[in-house]
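Notes for the structure review
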Amino acid sequence: MALETIASLFQHFEKYISLSGELKDALQARITSVSFKKGELVHDADKVCTRSYFIQRGLFRAYFVRDGKQISEFFPAENEWSNSPKSFMTRQKDVYYIDALEATDTFCLQVDDLVYLFEHFPEMERYARLSMGTVFGHLMERVTSLRFNSAKEKYAHFLQTYHDIHHRIPLGMVASYLGISQETLSRIRGRK
């Protein structure tokens, strides 16, 4: 993989840690490029998640199925990692599916390669701890919003959280993410 191609990934890592030449080489040797078509299934909940994808361009959706309905859980986009977190870490099946809402170009890292990087480069464990802290903060905000906010407040939180990409997400998926009906979402949007 060309160095200029992977530069955006290196920039992402360097928000959290310093990358030595040796670590850059190790990353470059283990990262592959993978592209997905709009609507393509990225991860199937019936399988163990063994890959994590760093999105260069595009948009994914993580969701689960309950009573035959797809419930959207999060929408990773450019400069974010995407996987089924529990499955990826425990190497067991989990409830999450991931699909591509747009044509999406990614960098892919296999779980075994990530383990190698953790074992040989302590700064990668620091990166994981710091970046996961950001993700954990977002998840706690989401849980609080779902439990305590009105539908209008949930939508305002959604717009704040996904301010750069909310217009790229279909309204039915937004409604399922918020735990409200599409009709309620339409009324809230109509009042703005």
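Summary of the structure given here. As a convention, each chain's residues are numbered from 1 in the sequence order in which they are written. Note on the predicted model: pLDDT of at least 70 is required for a residue's local features to be given, and 80 or more for side-chain atom pairs to be given and counted; whole-chain, interface and lining totals, by contrast, use all residues. Side-chain numbers here rest on the full set of heavy atoms in the structure, without hydrogens or water.

In space, the 4 strands of this open sheet follow the order β1-β8-β3-β6, with antiparallel pairing throughout. Of all the strands in the sheet, the pair left with one neighbour each is β1 (32-36) and β6 (81-82). What makes two strands pair is DSSP finding at least two bridges between them. The secondary structure listing takes helices from DSSP runs of H or I that are at least 4 residues long and strands from runs of E that are at least 2 residues long, numbered from the N terminus. Note: β1 against strand β8 (residues 104-110), 5 bridges, orientation antiparallel. Residue pairing in the sheet places Ser33 in a bridge with Phe107 of β8.

This next bit is on empty space enclosed by the protein. A cavity here means a set of 1 Å grid points, computed over protein atoms only, where a 1.4 Å probe fits but cannot escape. A pocket is an open set with protein on both sides within 12 Å along at least 5 of 7 lines, and lining residues have an atom within 4 Å of a point. Grid points are joined across faces, edges and corners, and a volume is the space filled by probe spheres set on the points. Across all of its chains, the model carries 1 cavity of 30 Å³ or more by this definition. The calculated volume of the largest cavity comes to roughly 40 Å³. Lining of the largest cavity is provided by Arg142, Ser145, Leu146, Lys154, His157, Tyr177 and Leu178. Elements with a contribution of two residues or more to the lining of the largest cavity: α5 (122-148), α6 (151-161) and α7 (171-178). Here the nonpolar group is Ala, Val, Leu, Ile, Met, Phe, Trp, Tyr, Cys and Pro; Asp, Glu, Lys and Arg are the charged ones; every other residue, Gly included, is treated as polar. Residues of the lining of the largest cavity, tallied by class, amount to 3 nonpolar, 2 polar and 2 charged.

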